[in-house]
Amino acid sequence: ADYLSVEMVQDEVLGRVPSPRTRASGFDEWGFRNPGVPKTTDIVALGDSHTYGNTATMDDSWPYVLGRLTGRSVYNMGLGGYGPNQYFHLMKSRALSLKPRLIICGLYMGDDFENAFLLTYGLDHWAYLRELPAPRVNSDIWEAPPSPTWHKKIRVWLSRHSIVYQLVFHGSFVGRLKGQVQIENAGQLYDSTVTLIVPGENISEAFLPDSILHRLDQDNQSVREGMRITFKLLEEMNEICRQNNIQFLVAVIPTKEMVFSAYLEHNSSLPLSDVLDKLVANEGLARERTFKVLNDLVISYVDTLPALTRSVEHELYARSATDMHPSKNGYRVIGEAVFEVLKQGRPNLDPKFFSPPRG
């Protein structure tokens, strides 16, 4: 599971689920990235690829970092491409059966609102959540364009079936070298890519702001509808946890652009500076709205942005010009930020439970 990509098959409720072949090739019986499915666990983490831990090993994903810090057992139910609808369904159908004392929902600002809209308006199972007369949309965000080239098909197959391929082409040395070359030459190699290099502060990063802006544009009706759906599902998740004496926490994970906004915003020397400014402004508005709703609903949350911005010189993101996921360093910071909030205690959270056991 640390090296093979997840092969997905269609599902009328979740959109896609891990295939039987995935479940037999290093993932657990449910298809998630754990050694196995336990009978019970202390903590369940729900989320997308930022919770799954893309670009890092299983043990370096933030849920497992949190497990080590708390000294508690953790089950990671994160999966790439998932969003609020899947988090809600998995809580009811899977997480509750593990009898956890805490459920954490990793809410990624970059695409969770879009995912909520696409699944709600793309699959009939979620039609009860619709409030717009919008036409049916395509909810399948996992597959490549309709006719991928033959060599792309081969690479996808190898990424799902060959550990040797992953180690050679994405291993620590070759992968890092390739990624650094990509970052330094991103403007020439890829369209709509922005490179930020600040040598004195050990910052060398690439960004893809166009696609992220589209998913956070507060003037976009589908984004606003996705936010409404997300908040409704989070409210129901919080109530389900309350009824089952389970503590509930939302971990808000920012986009990479927001983490580096102090260097990107109003920086006219960068290409796509207008897009970057709009993205930062729109994510700021989305964050304000999200935190207001969570506070009004008395849902405990942790904002991981401050901790990430304090650590930007530590290579928090994958050495890549096309993959915007955190590195193991970024996941460690997220896990530590969640742990700090648990220690302090928030409404409905018991800080004593989350202190590391003595000795």
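Treat the numbers as computed from the prediction; the structure is a model and nothing was measured.

Q: So what exactly am I meant to see when it comes to the overall build of the chain here?
A: Scanning the chain from terminus to terminus reveals 16 helices and nine strands. Among the 359 residues that make up the chain, the fraction classed as buried is 53%. Within the chain, residue pairs in contact and separated by at least 24 positions form 70% of the contacts whose partners lie at least 6 positions apart. As displayed, the chain has an accessible area near 16,200 Å², and 52% of this comes from carbon and sulfur atoms.

Q: How should I be thinking about the pattern of salt bridges in this particular structure?
A: Applying the stated rule across the entire model yields 15 salt bridges. A salt bridge links arginine 215 to glutamate 114; its shortest N-O distance comes to 3.1 Å. Of this pair, arginine 215 sits in helix H10 (residues 209-216) while glutamate 114 is found in helix H5 (residues 112-122), placing the two residues 101 residues apart along the sequence. Overall, the relative accessible area of 25% leaves arginine 215 in the partly exposed class. With relative accessibility at 19%, the residue glutamate 114 sits in the buried group. The shortest N-O distance in the salt bridge between glutamate 131 and arginine 228 comes to 3.3 Å. Within this pair, whereas glutamate 131 is found in the loop between H5 and helix H6 (150-161), its partner arginine 228 is found in helix H11 (residues 221-243), the two being separated by 97 residues in sequence. For glutamate 131, a relative accessible area of 57% translates into the label exposed. Among the charged side chains, a salt-bridge network with shared partners connects Asp124, Arg130 and Arg136.

Q: Explanation requested: the sheet that holds strand E3 (residues 43-47) in the structure shown.
A: The strands that make up a sheet pair up through hydrogen bonds in the backbone, lying either parallel or antiparallel. Pairing is parallel in the open sheet, where five strands are placed in the order E4-E3-E5-E8-E9. Every interior strand has two partners, whereas the edge strands, strand E4 (74-78) and strand E9 (300-303), have only one. With strand direction ignored, the average angle separating the axes of adjacent strands in the sheet is 20°. Bridge count for strand E8 (residues 247-253) against E9 is four bridges, and the pairing is parallel. Bridging across to E9, leucine 249 finds its partner in serine 300. Most of the contacts of helix H3 (residues 62-70) go to E4, to which it runs at about 165°, and overall it touches E3, E4, strand E5 (102-108) and E8.

Q: What is the right way to look at unusual backbone geometry in this model?
A: The bulk of non-glycine residues show a negative phi, and the bulk of peptide bonds are trans. We note that asparagine 202 has phi near 55°; this positive angle belongs to a residue other than glycine. Summarising the element assignment, asparagine 202 is placed in the loop between strand E6 (194-198) and strand E7 (203-207). The exposure class assigned to asparagine 202 is partly exposed, which follows from its relative accessible area of 44%. Positive phi, close to 50°, is recorded for glutamate 315, a residue that is not glycine. In this structure, glutamate 315 sits in the loop between helix H15 (305-309) and helix H16 (328-344).

Q: Help me out: how do you make sense of the environment of proline 63 in this one?
A: With respect to the helices and strands, the residue proline 63 is situated in helix H3. The spatial distance from the C-alpha of proline 63 to the C-alpha of threonine 51 is 7.0 Å, given a sequence separation of 12 residues. In contact with proline 63, not counting residues within four places along its chain, are Ala45, Thr51, Val74 and Asn76.

Q: Is there a simple way to explain the packing of aromatic side chains in this structure?
A: When we look at a pair of aromatic rings, we describe it by the centre distance and by the angle of the planes. One pass over the full model with this rule turns up nine aromatic pairs. When the centroid spacing of 5.6 Å and the interplanar angle of 70° are considered together, the rings of phenylalanine 207 and phenylalanine 260 count as edge-to-face. Here phenylalanine 260 lies in the loop between helix H12 (256-259) and helix H13 (261-264) and phenylalanine 207 lies in strand E7, a separation of 53 residues in the sequence. Owing to a relative accessible area of 0%, phenylalanine 207 belongs among the buried residues under this scheme.

What counts as what
The written sequence of each chain sets the order in which its residues are numbered from 1. Only residues with pLDDT of 70 or above have their local features reported here, since the model is predicted, and side-chain atom pairs are shown and tallied only from 80 upward, although totals for entire chains, interfaces and linings are computed over all residues. With hydrogens and water set aside, each side-chain value is computed from the structure's full complement of heavy atoms. Secondary structure elements follow DSSP: runs of H or I no shorter than four residues count as helices, runs of E no shorter than two count as strands, and numbering proceeds from the N terminus. Burial classification: accessible surface area is computed with a 1.4 Å probe over protein chains only, and a residue below 20% of its type maximum counts as buried, one above 50% as exposed, and the rest as partly exposed. Contact between two residues is taken to exist if any of their heavy atoms lie within 4.5 Å; hydrogens are not considered. To measure how exposed things are, a 1.4 Å probe is used in the Shrake-Rupley method; for residues, cover is taken only from the protein chains shown. The term salt bridge refers to a pairing of a side-chain nitrogen on Lys or Arg with a carboxyl oxygen on Asp or Glu at a separation within 4 Å. For two strands to be treated as a pair, DSSP must find at least two bridges joining them. A fitted line through C-alpha atoms serves as each axis, taken over the contacting stretch for helices, and the angle formed by two N-to-C directions is quoted from 0 to 180°. Any pair of Phe, Tyr and Trp rings, taking the six-membered ring for Trp, is counted once the centres come within 6.5 Å. Such a pair is stacked with planes under 30 degrees apart, edge-to-face with planes over 60 apart, and tilted for the rest.

Function-wise, these values are silent; they only describe arrangement.
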